[in-house]
Amino acid sequence: MSLKIRLSRGGAKKRPFYRIVVADSRYPRDGRFIDRIGTFNPILPKDAERVTLDLDKAKEWLAKGAQPTDRVARFLDERGLLKRSAKSNPEKSKPKKKAQERLDAAKAAEEEKAAKAAAPAEAAPAEEAPAEA
């Protein structure tokens, strides 16, 4: 049996409230669970107590092999119960192929424009020789 420590959604439409539960990974998100170990209310401001967590129960379930989801791992990391590794995917934020082509084309056009602007400026002083008639 694969145990997960995860969020189970409750509350009204557009007014979420979550319970932090231990459940078999095969159970539905809001369905059957084994134990309730806390709550999370995202509506409250960040400086308020948004997360309540029974640390003793959480330690017990982690010792039994329950795996927390990413969000619950954040809560446990804040409490010092679990060390969460920082996740970063810098490749995801890079421009994709078409956007990269547009950027390259814009850069080439700008360089060409700068070259044209510099060329007449260099040729102009040679033409300004005094003409005697």
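Report on the accompanying structure. (Residues numbered from 1 in each chain as written. Predicted model: local features only at pLDDT ≥ 70, side-chain atom pairs only at ≥ 80, totals over all residues. Heavy atoms only, no water.)

## Description of the pattern of salt bridges
Logical step 1: Counted by the stated rule, this structure contains seven salt bridges.
Logical step 2: We note a salt bridge from aspartate 35 to lysine 57, for which the minimum N-O separation is 3.5 Å. Taken as a pair, aspartate 35 in strand S3 (residues 35-40) and lysine 57 in helix H1 (residues 55-63) lie far apart in primary sequence, 22 residues in all.
Logical step 3: For lysine 57, a relative accessible area of 30% gives the class partly exposed.
Logical step 4: The residue arginine 79 makes a salt bridge to glutamate 49 at a minimum N-O spacing of 3.4 Å. Remark: glutamate 49 occurs in the loop between S3 and strand S4 (51-53) and arginine 79 occurs in the loop between helix H2 (70-78) and helix H3 (90-93); sequence separation between them is 30 residues.
Logical step 5: Classification of arginine 79 by relative accessible area gives partly exposed; the value is 31%. (Salt bridge = Lys/Arg side-chain N within 4 Å of Asp/Glu carboxyl O. Helix = DSSP H or I, 4+ residues; strand = E, 2+ residues; numbered from the N terminus. Buried < 20%, exposed > 50% of the residue type's maximum accessible area, 1.4 Å probe, protein only.)

## Overview of the environment of glutamate 101
Logical step 1: Inspection of the secondary structure assignment puts glutamate 101 in helix H4 (residues 97-127).
Logical step 2: As for glutamate 101 and asparagine 89, which are separated by twelve residues in sequence, their C-alpha atoms are 22 Å apart.

## Overview of the pairing of strand S1 (residues 3-12)
Logical step 1: Direction of pairing for S1 relative to strand S2 (residues 15-24): antiparallel, over a ladder of ten bridges. Across the sheet, arginine 9 pairs through a bridge with tyrosine 18, a residue of S2.
Logical step 2: Connecting S1 to the next strand, S2, in antiparallel fashion are two residues, including lysine 14 with a positive phi near 60°.
Logical step 3: Here two bridges tie S1 to strand S5 (residues 67-68), and the two strands are oriented parallel to one another. Each residue of the ladder has a partner; that of isoleucine 5, found in S5, is proline 68. (Pairing = 2+ DSSP bridges.)

## A few points about the packing of aromatic side chains
Logical step 1: Inspection of the entire model under this criterion finds two aromatic pairs.
Logical step 2: The interplanar angle of 25° and the centroid separation of 6.0 Å between the aromatic rings of tyrosine 18 and phenylalanine 40 together place this pair among those described as stacked. Placement of the pair is tyrosine 18 in strand S2 and phenylalanine 40 in strand S3, with a sequence separation of 22 residues.
Logical step 3: Look at phenylalanine 40 and phenylalanine 75: their rings are 4.8 Å apart centre to centre, the planes differ by 50°, and that puts the pair in the tilted class. You can see phenylalanine 40 sitting in strand S3 and its partner phenylalanine 75 sitting in helix H2, a full 35 residues away along the chain. Take phenylalanine 40 and phenylalanine 75: they sit in the same class, and that class is buried.
Logical step 4: Members of the aromatic cluster, each reached through a chain of ring pairs, are Tyr18, Phe40 and Phe75.
Logical step 5: The cationic tip of lysine 64 hangs over the ring face of tryptophan 61; the distance from NZ or CZ to the ring centre is 4.4 Å. (Phe/Tyr/Trp six-rings, centres within 6.5 Å; stacked < 30°, edge-to-face > 60°. Lys NZ or Arg CZ within 6 Å of the ring centre and 35° of its normal.)

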